[in-house]
Protein chains: 4
Amino acid sequence: MRLVHIRRWLYLALEEQKGSDLAKCLNRCLLLLIVINVCVVVAESEYRIYQAYALSFQWFEIFSVGVFTLEYLVRAWVCVESNHRNLQYPIRSRGRYLLSPMAVVDLIAILPFYLSFFVVGLDLRVLRSLRLLRLLKLTRYSQSLGLLVAVLRQEADNLVSALFILCMLILLSATGIYLAEGHIQPDEFGSIPRALWWSAVTVATVGYGDVVPQTLVGKVFSGTIIVTGIAVAALPAAILASGMINELKRRRENFRFELVRAMENGKLDFGGLRYLEKMRVKIGISRADARLVFEEVKQETRLQTYTHCPYCSQPIMVKHPPGHIHVSPTKQSPKS
Amino acid sequence: MRLVHIRRWLYLALEEQKGSDLAKCLNRCLLLLIVINVCVVVAESEYRIYQAYALSFQWFEIFSVGVFTLEYLVRAWVCVESNHRNLQYPIRSRGRYLLSPMAVVDLIAILPFYLSFFVVGLDLRVLRSLRLLRLLKLTRYSQSLGLLVAVLRQEADNLVSALFILCMLILLSATGIYLAEGHIQPDEFGSIPRALWWSAVTVATVGYGDVVPQTLVGKVFSGTIIVTGIAVAALPAAILASGMINELKRRRENFRFELVRAMENGKLDFGGLRYLEKMRVKIGISRADARLVFEEVKQETRLQTYTHCPYCSQPIMVKHPPGHIHVSPTKQSPKS
Amino acid sequence: MRLVHIRRWLYLALEEQKGSDLAKCLNRCLLLLIVINVCVVVAESEYRIYQAYALSFQWFEIFSVGVFTLEYLVRAWVCVESNHRNLQYPIRSRGRYLLSPMAVVDLIAILPFYLSFFVVGLDLRVLRSLRLLRLLKLTRYSQSLGLLVAVLRQEADNLVSALFILCMLILLSATGIYLAEGHIQPDEFGSIPRALWWSAVTVATVGYGDVVPQTLVGKVFSGTIIVTGIAVAALPAAILASGMINELKRRRENFRFELVRAMENGKLDFGGLRYLEKMRVKIGISRADARLVFEEVKQETRLQTYTHCPYCSQPIMVKHPPGHIHVSPTKQSPKS
Amino acid sequence: MRLVHIRRWLYLALEEQKGSDLAKCLNRCLLLLIVINVCVVVAESEYRIYQAYALSFQWFEIFSVGVFTLEYLVRAWVCVESNHRNLQYPIRSRGRYLLSPMAVVDLIAILPFYLSFFVVGLDLRVLRSLRLLRLLKLTRYSQSLGLLVAVLRQEADNLVSALFILCMLILLSATGIYLAEGHIQPDEFGSIPRALWWSAVTVATVGYGDVVPQTLVGKVFSGTIIVTGIAVAALPAAILASGMINELKRRRENFRFELVRAMENGKLDFGGLRYLEKMRVKIGISRADARLVFEEVKQETRLQTYTHCPYCSQPIMVKHPPGHIHVSPTKQSPKS
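Computed from a prediction, not measured in an experiment: that's the story for all the values here. (Residues numbered from 1 in each chain as written. Chains lettered and ligands numbered in written order. Predicted model: local features only at pLDDT ≥ 70, side-chain atom pairs only at ≥ 80, totals over all residues. Heavy atoms only, no water.)

Peer 1: Explain the overall build of chain A residue by residue, including any values.
Peer 2: In terms of regular secondary structure, chain A is built from 16 helices and 0 strands. Put simply, chain A has 336 residues, and 50% of those count as buried. Long-range contacts, defined as pairs at least 24 residues apart, comprise 65% of the intrachain contacts of chain A with a sequence gap of at least 6. When the accessible surface of chain A is split by element, carbon and sulfur atoms take 67% of a total near 16,600 Å². (Helix = DSSP H or I, 4+ residues; strand = E, 2+ residues; numbered from the N terminus. Buried < 20%, exposed > 50% of the residue type's maximum accessible area, 1.4 Å probe, protein only. Contact = heavy atoms within 4.5 Å. Areas by Shrake-Rupley, 256 points an atom, 1.4 Å probe, with all protein chains shown as cover.)

Peer 1: Mind laying out the relation of the copies chain D and chain A, listing which residues take part and the relevant values?
Peer 2: By a simple turn and slide, chain D fits onto chain A: the slide is 0.0 Å along the axis, the RMSD is 0.1 Å, and the turn is 90°. This pairing of chains is accounted for by a four-fold axis. The two copies present different faces, since only 11% of the interface residues in chain D are matched by interface residues at the equivalent positions in chain A. (Least-squares fit on C-alpha atoms with pLDDT ≥ 70 in both.)

Peer 1: Outline the pattern of salt bridges, supporting the account with residue identities and numerical values.
Peer 2: Applying the stated rule across the entire model yields 84 salt bridges over all chains. Here R250 of chain B ties to E247 of chain B by a salt bridge, and the two come within 2.8 Å at their closest N and O atoms. Of this pair, R250 of chain B and E247 of chain B both sit in helix α13 (residues 235–263), separated by 3 residues, roughly a single helical turn. For R250 of chain B, a relative accessible area of 10% corresponds to the buried category. On the accessibility criterion, E247 of chain B (9% relative accessible area) is buried. Among the ionic pairs, R251 of chain C bridges to E247 of chain C, the shortest N-O distance being 3.0 Å. Taken together, the residues span about one helical turn, with R251 of chain C and E247 of chain C both in helix α13 (residues 235–263) at a distance of 4 residues. E247 of chain C matches R251 of chain C in its accessibility class, with the two residues each being buried. (Salt bridge = Lys/Arg side-chain N within 4 Å of Asp/Glu carboxyl O.)

Peer 1: Residues and numbers for the side chain of S161 of chain B, please.
Peer 2: Within the fold, S161 of chain B resides in helix α9 (residues 156–181). For S161 of chain B, a relative accessible area of 4% translates into the label buried. Setting aside its immediate chain neighbours within four residues, S161 of chain B contacts S142, S144, L145 and L148 of chain C.

Peer 1: Can you lay out the interface of chain D and chain C for me, pointing to particular residues and giving the numbers?
Peer 2: Of the residues lining the interface, 58 residues belong to chain D; the matching set on chain C comes to 61 residues. Carbon and sulfur atoms supply 70% of the area that chain D and chain C bury against each other, a total of about 5,100 Å² over both sides. Between chain D and chain C we count 2 salt bridges in total. Residue E46 of chain D is joined to R194 of chain C by a salt bridge in which the shortest nitrogen-to-oxygen separation is 3.0 Å. One can count 8 residue pairs in polar contact (both at pLDDT 80 or more) joining chain D with chain C. Elements with a contribution of two residues or more to the side of chain D that touches chain C: α2 (21–45), α7 (124–130), α8 (143–154), α9 (156–181), α11 (192–203), α13 (235–263), α15 (287–304) and α16 (329–332) of chain D. Of the residues assigned to the side of chain D that touches chain C, the class counts are 36 nonpolar, 11 polar and 11 charged. (Buried area = accessible area lost by both parts, 1.4 Å probe. Polar contact = N/O pair within 3.5 Å; in protein donor to acceptor, adjacent residues only side chain to side chain. Nonpolar A, V, L, I, M, F, W, Y, C, P; charged D, E, K, R; others polar.)

Peer 1: Give me the interface of chain D and chain A: which residues, what numbers.
Peer 2: Taken together, the contact pairs 62 residues of chain D with 56 residues of chain A. Of the roughly 5,100 Å² buried where chain D meets chain A, counting both sides, 70% is carbon and sulfur surface. For the interface between chain D and chain A, the tally reads 8 residue pairs in polar contact (both at pLDDT 80 or more). Of all the elements in the fold, those that place two or more residues in the side of chain D that touches chain A are α9, α11, α12 (216–233), α13 and α15 of chain D. When residues of the side of chain D that touches chain A are assigned to their parent elements, the largest contribution, 13 residues, is made by α13 of chain D. In terms of residue class, the side of chain D that touches chain A is built from 36 nonpolar, 17 polar and 9 charged.

Peer 1: Give me the lowdown on a nonpolar patch on the surface, citing residues and values where you can.
Peer 2: A surface patch of nonpolar side chains, amounting to about 740 Å² of accessible area, comprises L107, L111, Y114, L115, F117, F118, V119 and L122 of chain D. With respect to the helices and strands, F117 of chain D occurs in helix α6 (residues 101–118). (Patch = residues over 30% accessible without salt bridge, like charges linked within 9 Å, V, L, I, M, F, W, Y side chains within 5 Å.)

Peer 1: Lay out the packing of aromatic side chains in plain terms, naming residues and giving numbers.
Peer 2: Counted by the stated rule, this structure contains 24 aromatic pairs over all chains. Ring geometry for W197 of chain B versus Y208 of chain B: centroids 5.8 Å apart, planes at 20°, classification stacked. Residue W197 of chain B is located in helix α11 (residues 192–203), and its partner Y208 of chain B is located in the loop between α11 and α12 (216–233); the two are separated by 11 residues in the primary sequence. Residue class for Y208 of chain B comes out buried when judged on its relative accessible area of 2%. Through a chain of ring-to-ring contacts, three or more aromatic side chains come together here, namely Y50, Y53 and F57 of chain A. The ring of Y178 of chain D carries the charged tip of R125 of chain A above its face, separated from the ring centre by 5.0 Å. Positioned over the ring face of Y50 of chain D is R128 of chain D, at 4.3 Å from the centre of the ring. (Phe/Tyr/Trp six-rings, centres within 6.5 Å; stacked < 30°, edge-to-face > 60°. Lys NZ or Arg CZ within 6 Å of the ring centre and 35° of its normal.)

Peer 1: Could you give me a rundown of the side chain of S222 of chain C, with the residues and numbers involved?
Peer 2: Inspection of the secondary structure assignment puts S222 of chain C in helix α12 (residues 216–233). At 2.7 Å, the side chain of S222 of chain C forms a polar contact with the backbone oxygen of G218 of chain C. In this structure S222 of chain C touches W198 and P213 of chain C together with W197 of chain D, once residues within four positions along its chain are discounted.

Peer 1: Lay out the relation of the copies chain D and chain C in plain terms, naming residues and giving numbers.
Peer 2: Each copy superposes on the other: chain D lies on chain C with an RMSD of 0.1 Å after a rotation of 90° and an axial shift of 0.0 Å. Counting the interface residues of chain D, we find that no more than 12% of their copies in chain C are interface residues as well, pointing to two distinct contact surfaces.

Structure (structure tokens):
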């Protein structure tokens with residue numbers, strides 16, 4: 001029986017990130033450990049530093065892999081608490097959890113370490129660098145990061161198309177410069193693959209300047225490419241902007257539905273507001289937006305309020321359509 | 001008779017990209033062939049690689065041109081299936097199809113090959129590079145690419161104007177730097193045409209660094225140009241963003257009309273939903289947006305629901321205006 | 001009497017850019033002349049070219065200045081046709097016109113030439129370059145350019161503020177690098193004014209690479225500046241995007257009002273549509289947007305259509321509120 | 001008694017920036033002094049200039065610090081005028097004011113000077129540069145700057161997340177290039193910390209070109225990084241754009257509520273309009289937007305206007321819901 005309580009507590013602490021101070025502290029520690037890990041990997045790559053602290057680095061690695069492994073197992077254990085159906089079918093739900101992105105990320109964070117035992121002859125530098133993927137574990141701890149990721153996923157198709165158009169432009173400009181200057185700078189523009197480096201650097205407006213067209217034709221051509229490149233390179237910004245606006249609009253709508261439902265009975269008591277606040281955080285919109293939605297709903301419902309019957313001044317009792325604030329008849333009595 | 005069936009099947013397979021697995025496979029193969037072609041052209045331009053596989057390259061070219069020619073002819077043959085009117089006037093409709101952008105692209109993909117026979121003394125490198133235009137055939141196979149192209153076409157005027165403003169800025173900055181540093185770096189800034197290269201590279205924030213102002217006046221001037229350039233270079237992004245938002249809004253509206261029409265009879269049966277899903281794909285909006293529209297329509301129609309007559313409580317039978325979900329009177333009976 | 005007709009015709013031809021083919025041709029020629037002028041100025045600045053064709057350049061200059069002067073005078077003459085009030089007070093309206101931006105631009109286009117006679121000892125190169133300002137005369141001939149200019153003017157304050165923030169960032173980063181590397185690269189970072197060049201080039205992501213921090217501190221500092229610079233450099237794009245969306249929204253609203261007014265009498269006859277099309281062009285929105293507005297108005301007015309009286313099925317004659325399409329009673333007869 | 005009047009006047013002049021010409025002039029002077037200060041700091045850093053005018057620089061510094069100190073004290077004295085509650089609790093409200101951002105900025109502007117007395121052995125160059133923070137005092141004087149700051153604060157979380165994603169990309173690309181070219185260019189890419197400089201410069205599309213990958217692997221890798229970097233670097237622009245649009249929408253809504261309230265009694269008299277204009281400036285939206293909101297409200301209220309009773313044609317006197325323009329019955333009389 002107590003085991004279930006522990007599991008429940010761990011689930012709330014780790015997945016929902018709520019609970020007592022102990023839970024908060026637990027999350028903080030995990031967060032800290034990830035950050036330290038990243039710093040260690042970065043520092044470690046500097047040979048002199050590695051020389052000095054090789055041993056401590058190794059011990060720290062073992063320690064943190066141990067912690068992450070434990071975390072991974074615990075999460076796999078407690079995931080069934082997410083909802084009732086999962087409690088009934090623990091095996092299946094655990095399987096589903098282990099295939100979820102976050103779980104895979106957790107696995108990737110620890111896998112390289114264990115692989116290094118079984119698989120021999122792996123490049124150490126690669127193995128160490130792979131630890132940087134532990135960075136991805138951070139995505140679990142940020143609210144607004146979720147919004148960006150949601151937008152990026154939502155607009156994935158459009159972004160891919162935009163980058164595809166970009167690549168087409170890069171390829172065409174590489175071909176053009178190859179035709180224009182291939183014979184003058186054979187090493188840089190002697191073939192399309194060679195010219196690709198220049199065109200990628202140019203279209204993306206990075207412009208290292210290590211390779212630069214020199215003939216008049218080449219300069220005129222790349223000038224046109226540069227100017228048109230601006231329009232094409234602006235596509236991702238446009239896509240993400242409209243995606244962001246849509247996503248926020250969607251969330252506001254969702255919050256609006258919650259709000260309207262909570263208003264059904266015409267007045268918002270303290271409990272209702274607490275519930276709405278929770279929904280606001282869950283849906284993930286800013287306080288300002290929530291207030292805006294609230295004002296709008298109030299406004300429109302007021303505009304919809306029915307008046308009294310024009311003949312007999314008795315109030316017309318109508319079943320309030322959703323989004324209606326019940327207004328006491330006295331407030332509505334006609335001027336007559 | 002069977003010929004008509006084949007034509008119908010080919011039309012669905014090639015133009016609508018729907019049908020049996022065989023149709024899917026057919027499209028996949030064409031897609032693959034295009035990609036391979038592009039890779040070949042790119043690789044071919046590298047002289048050593050060309051040396052090694054010249055013959056196989058030629059055979060592959062002949063093969064793929066054959067396939068594309070066949071595809072071109074088949075498409076010209078089946079295009080009449082698009083709608084009934086075209087079936088009645090096959091000649092005219094085929095003519096119209098052959099002038100459509102996609103058909104022209106298909107033609108461009110194969111034309112260079114045939115030209116190389118009749119026209120003599122063409123630069124081989126140019127001819128080979130022209131094959132890269134086969135890349136454009138890919139545009140047929142992407143849904144979201146259509147959205148971007150639609151936005152780009154919609155906003156073409158504004159984009160041209162923005163690039164025109166950009167070019168004006170480039171020209172003016174070239175003049176300024178020519179006046180400021182023309183006498184110091186005569187080779188780079190000795191005349192406006194020469195200065196254009198620097199100003200284009202600068203305003204587009206590419207900044208190769210092969211040409212850089214050296215005097216104080218020149219640096220101050222180009223500093224101001226750089227800062228103002230940021231605002232001007234931001235125009236295309238702004239145009240595309242607003243264009244994207246408008247385009248999506250338009251599509252949502254169109255889907256909304258479809259939805260409202262499908263709701264006329266007050267309830268959505270399975271067929272209606274299947275139809276809507278088809279429309280959604282055809283109009284080209286994301287599932288999330290479709291759901292949002294659906295919720296909005298439901299919401300607003302609910303808010304519009306008529307109540308009972310205030311005198312006799314019998315339900316008022318009104319001809320539901322479009323966008324009305326018929327609600328059974330029982331649900332509406334007044335509280336009294 | 002005939003003089004008035006000529007003036008009328010010239011006004012329509014030059015200002016409204018409408019009228020017979022002759023009027024179109026006239027505008028085309030003026031347009032062409034401007035473009036040629038710009039090309040000439042650009043080519044002229046190249047010394048060798050100037051050497052070769054000095055005389056013809058001078059004659060062309062005299063010719064075009066003559067034409068532009070004539071145009072200027074004619075516009076000043078015909079401007080009174082713009083509306084009736086101006087016809088009554090010709091002097092005042094002409095004065096007002098001469099102070100309008102477009103008229104000033106026309107003046108600037110010809111002034112330098114005449115100045116060169118009275119004022120002596122002016123730098124020829126500067127004088128010639130000033131002719132480039134004739135480029136501004138083009139703004140009169142583009143519809144969508146007007147939109148961009150409107151947005152830029154609308155958002156001028158915000159853009160200035162954004163560039164002000166940008167300049168603050170540039171100044172602060174210059175100070176930082178001056179403190180970090182001033183003693184190592186005294187020529188480049190020896191003082192804030194010197195460091196400004198680097199920081200402007202860096203924050204604007206131009207990155208010539210002629211000046212680059214070398215110490216660890218300098219690199220860390222400029223790394224943070226670069227990353228934060230991305231966010232600040234994104235402000236203009238954001239401002240312009242929202243400005244563009246607002247401007248288009250405003251125009252749609254204006255068109256909507258026109259549409260609603262034209263619908264007052266419940267149906268749109270051919271004349272009404274012609275009028276709307278004229279308004280659409282005048283307000284300056286795309287056909288697609290106009291159609292969208294039209295659909296919306298139809299939709300909402302349909303939703304507002306009153307039904308018949310539920311008891312006696314006689315149609316309720318209501319004064320149609322604006323935005324009402326009068327629907328024939330037969331279409332509305334209740335199901336009963 | 002008169003002291004209170006002075007305080008009131010100073011409050012209006014300094015905080016609300018309104019009042020007589022004297023008040024305007026006072027603000028102008030303070031503004032000017034800040035700008036001069038900045039210029040002085042910049043010029044001072046150039047050693048030769050400092051040599052020439054060292055003394056006058058010092059006197060000017062003392063003078064301006066004196067003025068700013070006075071300003072700081074005065075502001076601390078008058079802040080209680082902001083509203084009535086503060087007048088009752090002067091101590092607490094002053095304390096709250098001294099902790100407000102603007103007050104802290106004012107303090108920072110003068111603190112370094114006084115610190116230089118008590119703390120010994122501070123780097124003079126650093127101290128002098130700190131004066132640049134007086135630039136921040138300017139933020140008080142711009143209306144539209146407030147908008148941008150509001151947007152930046154509103155979207156702070158999202159921006160931080162976007163920059164976090166950017167940093168992740170920078171870190172990963174640094175790791176990749178370190179693995180790819182670490183052994184070829186040990187000085188530049190020998191370790192992740194060293195590679196960070198290159199990847200930051202590249203992902204931000206600055207591209208100095210002082211460090212450039214040379215192997216094929218390195219170029220292919222950084223090519224992909226560059227292309228993906230465009231999408232990630234577009235995030236801030238997207239966030240700010242949507243934030244800007246939301247902020248403006250929110251402000252329009254607020255203005256709309258003000259407008260609706262002012263319309264309650266059905267007509268806008270001159271006083272109401274003056275009040276609305278004041279609100280418009282206070283809320284901070286452009287005239288064009290205000291006009292748009294006004295039109296919308298008028299439009300919608302017109303659409304909501306009740307008609308006459310369908311049976312007896314006597315006007316139905318309804319208590320006008322908010323946002324209703326009272327229309328005289330005569331205007332509404334039915335056609336019958």
